[in-house]
Amino acid sequence: MFSNVIGQDLLKAKLCESVRNKRLAHAIILSGEPGTGGLPLALALAQYLHCENKLENDSCGVCDSCNKHNKLIHPDMHFMFPSIKKGSSDAPQLSSNWLSEWRHIIPSHPYITYFDWIQNIASGENKQGLITKSDCHELIRVLSLKSYEDNVKIQLIWLPEIMGQTANALLKIIEEPPLDTHFILVSENLDAVLGTILSRTQIYKLPPIDDVSIAENIQSKFGKSSEEAARIAGMSLGSWNQACRLAEGIEEVSNVLTVKEMLRYPMRKSLKNTRDAVEGMTKFAGVFHSAGREVQKNFLGYVSFFCREAIQLKLIGSCTLKGEELEFAQAWIKVVDADQIHQTASVLDQTAYHIERYGYAKSVIMGALIKLSRIFAGEKFGNSILV
């Protein structure tokens, strides 16, 4: 249901209005960064399309159709998503082979990432999920059949960017679908979706989730205070996934890694204190590597938040940081400019990207620290408590 989608109120209202007025395009793409709610929004829209007693801005939640959607078992709701080969048989690789796992995982984890999904079905093995040509042929076959219960058939495709050129097999059916058929595509990287697919769909872009919605849900799910929830929301950068990671591990992060320890050694290297700096960066990389992937991701998310607050402090003189964090930020912004802070945040985003994709943590963070030292070398630093 739309009520289960965090934030995105304007987009939810727009989609509901399109359905009520029978103006929803037959093929749409919901595009947003991971954690902004593309998949849960698509599931809510599909449920609304099939709901027997639609409310103005949501499904009723109690009709037979809604009950089936809650369990992802509606016979006129079809799914295609990245999957891996199941077993050692010669049978084609199909999303439908993993429907039982999909129905078990997605209702309780609708904000799941591609990497967590593949790790779940691959039992921790390092495998790549694909949407295959066999998937496309199966989709065409299934949608050519009559609907079972509802006049409307719905095909949800999660992460169409995974298909690459394979998506060419779907061009005709997306452009000329069977009667009363809706395609709902959910993308986290619109630039990687085949252009001929984009030209045949209406695109809805999901913005980052607003801080108020994230804070309210963090309070209700994790029992955090309003102040703590607001702080986590600010650090999440509009991602519910990031907010949950922070809510679960923020204390652990602060006990293992600190922003000051990460930034001080690249700054020393920029001052030509090379030996001391390299030793410090190597030591930090070792601590970072041993911290565990979730702590690593939480920490990088926190440093991105710190950089954003530091820019705000430098430009307008205020931010939400307090205590030692604020003291460090006040000292740091005296010796770096806004562009250097922005570049620092960009490096950290790239680092988080590689950590998320199971890059070797020690090498990844060491590379990031070297990049930061080059960024800081662009300005001559004086004596500071930072170094």
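Further up the page is the structure itself.
Residues numbered from 1 in each chain as written. Predicted model: local features only at pLDDT ≥ 70, side-chain atom pairs only at ≥ 80, totals over all residues. Heavy atoms only, no water.

1. Focus: the overall build of the protein chain
Inference 1: Regarding its fold elements, the protein chain presents 17 helices and 5 strands.
Inference 2: Since a compact globule built from 387 residues should have a radius of gyration of about 21 Å, the 24 Å found for the protein chain is in line with a globular shape.
Inference 3: Along the first, second and third principal axes, the C-alpha atoms of the protein chain reach 75 × 45 × 35 Å.
Inference 4: Going through the 387 residues of the protein chain one by one, you find that 51% of them count as buried.
Inference 5: Long-range pairs, those at least 24 residues apart, make up 71% of the contacts in the protein chain with a sequence separation of at least 6.
Inference 6: Surface summary for the protein chain: the accessible area is close to 18200 Å², and the carbon and sulfur share equals 50%.
Inference 7: Charge centroids of the protein chain, computed over 41 positive and 43 negative side chains, lie 5 Å from each other. (Helix = DSSP H or I, 4+ residues; strand = E, 2+ residues; numbered from the N terminus. Rg over C-alpha atoms; globule rule 2.2 N^0.38 Å. Buried < 20%, exposed > 50% of the residue type's maximum accessible area, 1.4 Å probe, protein only. Contact = heavy atoms within 4.5 Å. Areas by Shrake-Rupley, 256 points an atom, 1.4 Å probe, with all protein chains shown as cover. Lys, Arg positive; Asp, Glu negative; His and termini not counted. Charge placed at Lys NZ, Arg CZ, Asp CG, Glu CD.)

2. Observations regarding the packing of helix α16 (residues 338–356) against helix α17 (residues 361–376)
Inference 1: Where α16 contacts α17, the two axes come as close as 10 Å, and the packing angle between them is 170°. As far as their axial angle goes, α17 and α16 are roughly antiparallel. Judged by residue contacts, Gln340, Gln343, Thr344, Val347, Gln350, Thr351, His354 and Ile355 of α16 engage Ala361, Val364, Ile365, Ala368, Lys371, Leu372, Ile375 and Phe376 from α17.
Inference 2: Looking at the contact of α16 with α17, its residues break down into 9 nonpolar, 6 polar and 1 charged. (Axes fitted to C-alpha atoms, helices over the stretch in contact; angles between N-to-C directions. Parallel < 35°, antiparallel > 145°, perpendicular 65-115°, else oblique. Nonpolar A, V, L, I, M, F, W, Y, C, P; charged D, E, K, R; others polar.)

3. Brief notes about the packing of aromatic side chains
Inference 1: Counted under the stated rule, the structure contains 14 aromatic pairs.
Inference 2: Ring centres 5.8 Å apart and planes at 70° place the aromatic pair Phe2 and Tyr48 in the edge-to-face group. Of this pair, Phe2 sits in the segment before α1 (9–20) while Tyr48 is found in helix α2 (residues 38–50), placing the two residues 46 residues apart along the sequence. Across the pair, Tyr48 and Phe2 agree in class, each one buried.
Inference 3: For the ring pair Phe306 and Trp332, a centre distance of 5.9 Å and an interplane angle of 35° mean the geometry is tilted. With Phe306 in helix α14 (residues 293–316) and Trp332 in helix α15 (residues 323–332), the pair connects residues that are 26 residues apart, well separated along the chain. Each member of the pair Phe306 and Trp332 is classed as buried.
Inference 4: When the ring centre of Tyr48 is taken as reference, the NZ or CZ atom of Lys54 above it lies at 6.0 Å. (Phe/Tyr/Trp six-rings, centres within 6.5 Å; stacked < 30°, edge-to-face > 60°. Lys NZ or Arg CZ within 6 Å of the ring centre and 35° of its normal.)

4. Details of the state of the cysteines
Inference 1: Tallied over the full model, the rule gives 0 disulfides.
Inference 2: For Cys16, which is in no disulfide, the shortest distance to another cysteine sulfur is to Cys51 and amounts to 10 Å.
Inference 3: Take Cys16: its relative accessible area is 0%, and that puts it in the buried class.
Inference 4: Just so you know, Cys51 is unpaired, no disulfide at all, and the nearest cysteine sulfur is the one on Cys60, 3.6 Å from it.
Inference 5: Exposure remark for Cys51: the relative accessible area of 4% places this residue in the buried category. (Disulfide = S-S within 2.5 Å.)

5. Looking at empty space enclosed by the protein
Inference 1: Tallying each qualifying case throughout the model produces 1 cavity of 30 Å³ or more.
Inference 2: Put simply, the largest cavity is a space of about 100 Å³.
Inference 3: Taken together, 18 residues form the lining of the largest cavity, with Gly35, Gly37, Gly38, Leu39 and Glu188 sitting closest to its centre.
Inference 4: The set of elements that each furnish at least two residues to the lining of the largest cavity consists of α2 and β4 (181–187).
Inference 5: The element contributing the most residues to the lining of the largest cavity is α2, with 3 residues. (1 Å grid on protein atoms, 1.4 Å probe; cavity = no way out; pocket = protein on both sides within 12 Å on 5 of 7 lines; lining within 4 Å. Points joined across faces, edges and corners; volume = space filled by probe spheres on them.)

6. Structural notes on the packing of helix α9 (residues 211–222) against helix α10 (residues 226–236)
Inference 1: The interhelical angle for the contact between α9 and α10, taken along N-to-C directions, is 130°, at an axis separation of 8 Å. In terms of orientation, α9 and α10 fall into the oblique class. Note that α9 runs across α10; the crossing there is right-handed. Here Asp211, Ile214, Ala215, Ile218 and Gln219 of α9 lie close against α10, whose contacting residues are Ser226, Ala229, Ala230, Ile232, Ala233, Gly234 and Ser236. (Left-handed = near helix turned anticlockwise from the far one by under 90°.)

7. Points about the layout of surface pockets
Inference 1: The volume enclosed by the largest pocket comes to roughly 1300 Å³.
Inference 2: Contributing to the lining of the largest pocket are 40 residues, with Glu33, Pro34, Tyr353, Glu356 and Arg357 lying nearest its centre.
Inference 3: Put simply, the parts of the chain that give the lining of the largest pocket at least two residues each are α5 (114–121), α10, α11 (240–256), α14 and α16.
Inference 4: If you tally residues by element for the lining of the largest pocket, the top one is α16, at 5 residues.
Inference 5: Among the residues forming the lining of the largest pocket, the class breakdown is 17 nonpolar, 14 polar and 9 charged.
Inference 6: Estimates place the volume of the second largest pocket at around 840 Å³.
Inference 7: Lining the second largest pocket are 32 residues, with Ile106, Ser108, His109, Pro110 and Tyr111 positioned closest to its centre.
Inference 8: Those elements giving two or more residues to the lining of the second largest pocket turn out to be α2, α3 (64–70), α5, α9, α11 and α14.

8. Comments concerning the sheet that holds strand β2 (residues 77–80)
Pairing between the strands of a sheet is mediated by backbone hydrogen bonds and can be parallel or antiparallel.
Inference 1: The parallel open sheet is built from 5 strands, whose spatial order is β2-β3-β4-β1-β5. Each end of this open sheet is capped by a strand with a single partner; those strands are β2 and β5 (202–205). Neighbour to neighbour, the strand axes of the sheet diverge by 20° on average, direction disregarded.
Inference 2: Pairing analysis gives 4 bridges linking β2 to strand β3 (residues 153–158), with the strands arranged parallel. Across the sheet, residue Met80 finds its bridge partner in β3, namely Ile157.
Inference 3: The sheet contacts of α2 involve β1 (27–31), β2, β3 and β4, and relative to β4 the element is tilted by about 165°. (Pairing = 2+ DSSP bridges.)

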